[in-house]
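Chains, contacts and geometry: an overview
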Amino acid sequence: MQVIIDQDRCCGSGQCVLTVPAVFDQGEEDGLVRLLQESPGPELAADVRLAAALCPGNVITVHGDPG
Ligand code: SF4
């Protein structure tokens, strides 16, 4: 799977970091999302999709394999 973020839309809620800390982080100074892995493995796919669904800013886009 491929993960894309639109940081301009991020409000720094941190929901994605709580959901998948292996893939998302927040900047220490601005609190905005940082993408740690652009192509997370299949074991993280469900959590990444959940993070995308929960993101209040619609920042996270997921492409690629279902699952
Ligand atoms: S859940 Fe969305 S708005 Fe909140 S920090 Fe993550 S990317 Fe930003």
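Residues numbered from 1 in each chain as written. Predicted model: local features only at pLDDT ≥ 70, side-chain atom pairs only at ≥ 80, totals over all residues. Heavy atoms only, no water.

With respect to the overall build of the protein chain
Looking only at helices and strands, one finds two helices and four strands in the protein chain. Taken from the N to the C terminus, the helices and strands of the protein chain come in the order β-α-β-β-α-β. For the protein chain, the C-alpha radius of gyration of 11 Å lies close to 11 Å, the compact-globule estimate for 67 residues. The principal-axis extents of the C-alpha atoms in the protein chain amount to approximately 30 × 20 × 15 Å. A burial count over the protein chain gives 37% of its 67 residues as buried. Here the protein chain has roughly 4,000 Å² of accessible surface; of this, 49% comes from carbon and sulfur atoms. (Helix = DSSP H or I, 4+ residues; strand = E, 2+ residues; numbered from the N terminus. Rg over C-alpha atoms; globule rule 2.2 N^0.38 Å. Buried < 20%, exposed > 50% of the residue type's maximum accessible area, 1.4 Å probe, protein only. Areas by Shrake-Rupley, 256 points an atom, 1.4 Å probe, with all protein chains shown as cover.)

Section: the nonpolar core
Cys16, Val20, Phe24, Val48 and Ile60 are the most contacted members of the largest nonpolar core, which totals 18 residues. Put simply, the parts of the chain that give this core at least two residues each are helix 1 (15-19), helix 2 (45-54) and strand 4 (60-63). Counting residues per element, this core draws most heavily on helix 2, which supplies four residues. In contact with Cys16, not counting residues within four places along its chain, are Pro21, Phe24, Val33, Ala51 and Ile60. (Core = buried A, V, L, I, M, F, W, Y, C linked by side-chain atoms within 4.5 Å. Contact = heavy atoms within 4.5 Å.)

Some details on the pairing of strand 4
Regular strands place side chains that alternate from one sheet face to the opposite one. Side chains Ile60 and Val62 project from strand 4 onto a buried face, and the interleaved Thr61 and His63 project onto a face without burial. As paired elements, strand 1 (residues 2-5) and strand 4 share four bridges and run antiparallel to each other. The residue bridging Gln2 from the neighbouring strand is His63, located in strand 4. (Pairing = 2+ DSSP bridges.)

A closer look at the site of the ligand
Residues in close proximity to the ligand include Cys10, Cys11, Gly12, Ser13, Gly14, Gln15, Cys16, Val33, Cys55, Pro56 and Val59, which together make up its full environment. The residue inventory of the shell around the ligand, partitioned by class, reads seven nonpolar, four polar and no charged. (Near = heavy atom within 4 Å. Nonpolar A, V, L, I, M, F, W, Y, C, P; charged D, E, K, R; others polar.)

Digging into helix 2
Taken together, the buried positions of helix 2 are occupied by Ala45, Val48, Ala51 and Ala52. Down the axis of helix 2, the buried side of the element spans an arc of 125 degrees, and every buried residue falls inside it. The exposed residues of helix 2 that point more than 90 degrees off its buried face are Ala46 and Ala53. Residues of helix 2 that are buried sit in contact with strand 1, helix 1, strand 2 (24-26) and strand 4. (Arc of directions from axis to C-beta.)

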